[in-house]
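What follows is the residue order along each chain.
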Amino acid sequence: MDHLLSIKDLSQEQLKELLSLAKKIKANPAEYRHALDGKSVVMLFEKPSLRTRVSFDIGINKLGGHCLYLDQQNGALGKREPVSDFAANISCWADAIVARTFLHSTIETLAEHGSVPVINALSDLYHPCQGLADFLTLSEQFDDVSQVKLAYVGDGNNVTHSLMYGAAILGATMTVLCPLGHFPDGQVVVEAQALAAKYGGKLILTSDVEQLTEQDAIYTDTWISMGDDTDLSEIKAKFQPYQVNKTMMKQAGANYFMHCLPAYREVEVTAEVVDGEGSLILQQAENRMHAQNAVLVTLLGQ
Ligand code: CP
Ligand code: NVA
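Per chain, the residues get numbers from 1 upward, laid out in the order the sequence is written. Chain A is the first chain written and ligand 1 is the first ligand written, with later ones labelled in order. At least 70 in pLDDT is required for a residue's local features to be given in this predicted model, at least 80 for side-chain atom pairs to be given and counted, and no such filter applies to totals for whole chains, interfaces and linings, which use all residues. Only hydrogens and water are set aside; all other atoms, that is, all heavy atoms of the structure, feed into the side-chain values.

Engineer: What should I look at first to understand the sheet that holds strand β8 (residues 217-220) in this one?
Structural biologist: Hydrogen bonds between backbone atoms are what pair the strands of a sheet, whose relative direction is either parallel or antiparallel. Read from one edge to the other, the open sheet built from 5 strands follows the order β7-β6-β5-β8-β9, with strand pairing classed as parallel. The two strands at the open ends of the sheet, each matched to only one other strand, are β7 (202-206) and β9 (256-259). Ignoring which end each strand starts from, the neighbouring axes of this sheet average 20° apart. Note that strand β6 (residues 173-177) and β7 share 5 bridges and pair parallel. If you follow Thr175 over to β7, its bridge partner there is Ile204. Here a residue-residue contact requires only that any non-hydrogen atoms of the pair lie within 4.5 Å. Each axis is a line fitted through C-alpha atoms, taken for helices only over the stretch in contact, and angles between the N-to-C directions span 0 to 180 degrees. Numbering goes from the N terminus for both helices and strands, where a helix is a DSSP run of H or I of at least four residues and a strand is a run of E of at least two. Across the sheet, helix α5 (residues 128-141) touches β5 (149-153), β8 and β9, and the angle it forms with β9 is around 165°. Sitting on the sheet, helix α6 (residues 158-170) touches β5, β6, β7 and β8, and the angle it makes with β6 is about 155°. Pairing between strands is defined by DSSP: at least two bridges between them are needed.

What follows is the structure in structure tokens.
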């Protein structure tokens with residue numbers, strides 16, 4: 001493993017190893033206190049963040065490393081100098097780059113032209129750190145993740161893509177329920193289906209809310225992602241049947257609710273569900289740090 005650009009690049013063994021390492025670090029942080037001694041990580045963010053920024057900063061600190069946060073105050077990435085030069089220069093000082101960018105191609109450029117590991121902290125296409133934390137969360141609830149039935153409801157987006165790859169590689173069953181015109185990226189669907197076939201997973205895509213039965217967990221995300229300038233009023237009526245509420249949870253028979261956050265109450269999910277019993281949102285948020293620390297230890301640890 002040289003970088004973490006997308007979950008699709010991981011084998012089942014690598015993915016399981018990361019989840020198992022994350023559990024070890026979570027259970028026994030003192031053992032990893034010096035894992036990143038002397039290492040510096042640059043965190044480059046083109047978009048806002050609470051969970052990702054804070055969990056990386058504090059997580060790196062807990063592993064004995066140091067991190068430097070770069071936002072866009074000194075000018076937009078790629079404006080003053082090409083992203084390729086930026087990557088090469090940062091590699092002179094830092095041991096890794098964590099990047100949240102608008103375009104996934106920017107993260108690929110960083111990985112191509114830098115000489116240190118690059119970790120995708122969210123792009124328009126993927127959110128692998130979120131996916132890892134979510135499967136860590138599921139593996140804490142279910143002994144065998146390959147038996148889990150996970151449904152993602154709403155806008156097919158970067159989070160959906162990473163969950164699809166993760167579920168496929170772990171051999172789980174995932175249903176993706178989206179309004180017509182808002183399905184995940186076609187290429188990602190093809191790749192995830194191929195991974196599901198390889199690892200014994202099952203991926204179902206549908207627009208029919210009635211099909212949402214016999215699920216273990218329902219996951220949703222914002223209907224409008226960062227960088228998407230759609231007005232909520234334009235899509236609200238179309239998305240309304242896909243709101244996760246008590247009725248949907250009951251119909252699906254799902255005990256657990258998941259969301260990467262930030263959540264918009266009474267939009268994609270009702271407050272009753274997101275703040276209710278069975279909501280795993282804070283466990284997911286906490287696990288961001290443990291999952292990312294497993295990635296950092298794997299890429300940089302000594
Ligand atoms: N879930 C997540 O990535 O949150 P932030 O955008 O706050 O980092
Ligand atoms: N799909 C959302 C995830 C935020 C963590 C976005 O890209 O804005």
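Engineer: It is not clear to me how helix α4 (residues 104-113) should be interpreted in this structure. Could you clarify?
Structural biologist: Residues spaced three or four apart along an α-helix face the same direction, because each turn holds 3.6 residues. Three labels apply to residues, based on accessible area from a 1.4 Å probe with only protein chains included: buried if under 20% of the type maximum, exposed if over 50%, partly exposed otherwise in between. Buried within α4 we find His104, Thr106, Ile107, Leu110 and Ala111. Angularly, the buried residues of α4 cover 160° about the axis, an arc narrow enough to put them on a single face. Where the residues of α4 are buried, they touch β1 (40-45), α3 (83-93), β3 (96-100) and β4 (118-120). The directions from the helix axis to the C-beta atoms are what the arc is built from.

Engineer: Where do I start with the packing of aromatic side chains in this structure?
Structural biologist: Two aromatic rings are characterised by how far apart their centres lie and by the angle between their planes. The criterion for an aromatic pair is that two Phe, Tyr or Trp rings (for Trp, the six-membered ring) have centres within 6.5 Å, with stacked assigned to planes under 30 degrees apart, edge-to-face to planes over 60 apart and tilted to the rest. In total, this model carries 5 aromatic pairs according to the counting rule given. Between Phe142 and Tyr256, the ring centres sit 5.7 Å apart and the planes meet at 80°, which makes this aromatic pair edge-to-face. Taken together, the residues Phe142 in the loop between α5 and β5 and Tyr256 in strand β9 connect sequence positions 114 residues apart. A relative accessible area of 19% places Phe142 in the buried class. Ring plane angle 40° and centroid distance 5.2 Å describe the contact between Trp223 and Phe239, whose orientation is recorded as tilted.

Engineer: Got a minute to help me understand helix α11 (residues 281-300) in this structure?
Structural biologist: Over its 20 residues, α11 runs 29 Å from end to end, which matches the ideal 28 Å to within 8%, given 1.5 Å per residue. At Asn287, α11 shows its strongest bend, of approximately 30°. Here, expected helix span is obtained from the residue count minus one, scaled by 1.5 Å. We define the bend at any residue as the angle between the axes fitted to the seven residues before and including it, ending there, and the seven starting there.

Engineer: Help me out: how do you make sense of the environment of Val118 in this one?
Structural biologist: Tracing the sequence through the fold places Val118 in strand β4. Since its relative accessible area comes to 0%, Val118 is described here as buried. Along the sequence, Val118 and Val41 sit 77 residues apart, while their C-alpha atoms lie 9.7 Å from each other. Non-local contacts of Val118, meaning those with residues more than four positions away in its chain, are made with Asp2, His3, Leu4, Leu5, Ile97, Ile107, Leu110 and Ala111.

Engineer: When you look at the pattern of salt bridges in this model, what are you seeing that I'm missing?
Structural biologist: Side-chain pairs of opposite charge can arise where the charged atoms are in close proximity. Here, a salt bridge means any side-chain nitrogen of Lys or Arg that lies within 4 Å of a carboxyl oxygen of Asp or Glu. Scanning all chains against the criterion turns up 4 salt bridges. Between Glu272 and Lys246 there is a salt bridge; the shortest N-O distance is 3.7 Å. Taken as a pair, Glu272 in helix α10 (residues 271-274) and Lys246 in helix α9 (residues 246-252) lie far apart in primary sequence, 26 residues in all. With a shortest N-O distance of 2.7 Å, Asp275 and Arg265 are connected by a salt bridge. One end of the pair, Asp275, is in the loop between α10 and α11; the other, Arg265, is in the loop between β9 and α10, and 10 residues separate them in sequence. The exposure class assigned to Asp275 is partly exposed, which follows from its relative accessible area of 48%.

Engineer: Any chance you could explain the packing of helix α1 (residues 12-27) against α6 here in plain terms?
Structural biologist: To describe two helices that pack against each other, one gives the angle between their axes and the distance between the axes. Between α1 and α6, the least distance of the axes is 9 Å, while the angle of their chain directions is 105°. In terms of orientation, α1 lies roughly perpendicular with respect to α6. Residues Gln12, Leu15, Lys16 and Leu19 of α1 pack against Gly166, Ile169 and Leu170 of α6. Here is the rule for angles: anything less than 35 degrees is roughly parallel, anything more than 145 is roughly antiparallel, 65 through 115 is roughly perpendicular, and the remaining ranges are oblique.

Engineer: Which parts of the structure should I look at to understand a negative patch on the surface?
Structural biologist: Here the term patch refers to residues with relative accessible area over 30% and no salt bridge, with like charges joined within 9 Å and nonpolar side chains (Val, Leu, Ile, Met, Phe, Trp, Tyr) within 5 Å. Under the convention used here, a 1.4 Å probe and the Shrake-Rupley method define accessible areas, while residue burial counts only the protein chains that appear. Under the counting rule used here, the positive set is Lys and Arg, the negative set is Asp and Glu, and His together with the chain ends is not counted. By convention, the charge on Lys lies at NZ, on Arg at CZ, on Asp at CG and on Glu at CD. Among the surface-exposed residues, Asp228, Asp229, Asp231 and Glu234 lie close enough to one another that they form a single negatively charged patch. Along the chain, Asp228 turns up in the loop between β8 and α8 (232-239). Residue Asp228 is classed as partly exposed on the basis of its relative accessible area of 32%.

Engineer: Explain the site of ligand 1 to me, please; I cannot follow it from the model alone.
Structural biologist: What surrounds ligand 1 is the set Ser49, Leu50, Arg51, Thr52, Arg100, His127, Gln130, Cys260, Leu261 and Arg288. Taking Arg51, its side chain carries an N or O atom lying 2.8 Å from an oxygen atom of ligand 1. Here a nitrogen atom of ligand 1 and a backbone polar atom of Cys260 are 2.8 Å apart. Relative to its free-state accessible area of 260 Å², ligand 1 is covered by the protein chains to the extent of 96%. Partitioning the shell around ligand 1 into residue classes produces 3 nonpolar, 4 polar and 3 charged. Nearness here has a simple test: a residue counts as near a molecule or strand if at least one of its heavy atoms is within 4 Å of that partner. Residues adjacent in sequence count toward polar contacts only when both atoms are side-chain atoms; beyond that, a polar contact is any pair of N or O atoms within 3.5 Å, and within protein one must be able to donate a hydrogen and the other to accept it. Three categories are distinguished: nonpolar for Ala, Val, Leu, Ile, Met, Phe, Trp, Tyr, Cys and Pro, charged for Asp, Glu, Lys and Arg, and polar for the others, with Gly belonging to the last.

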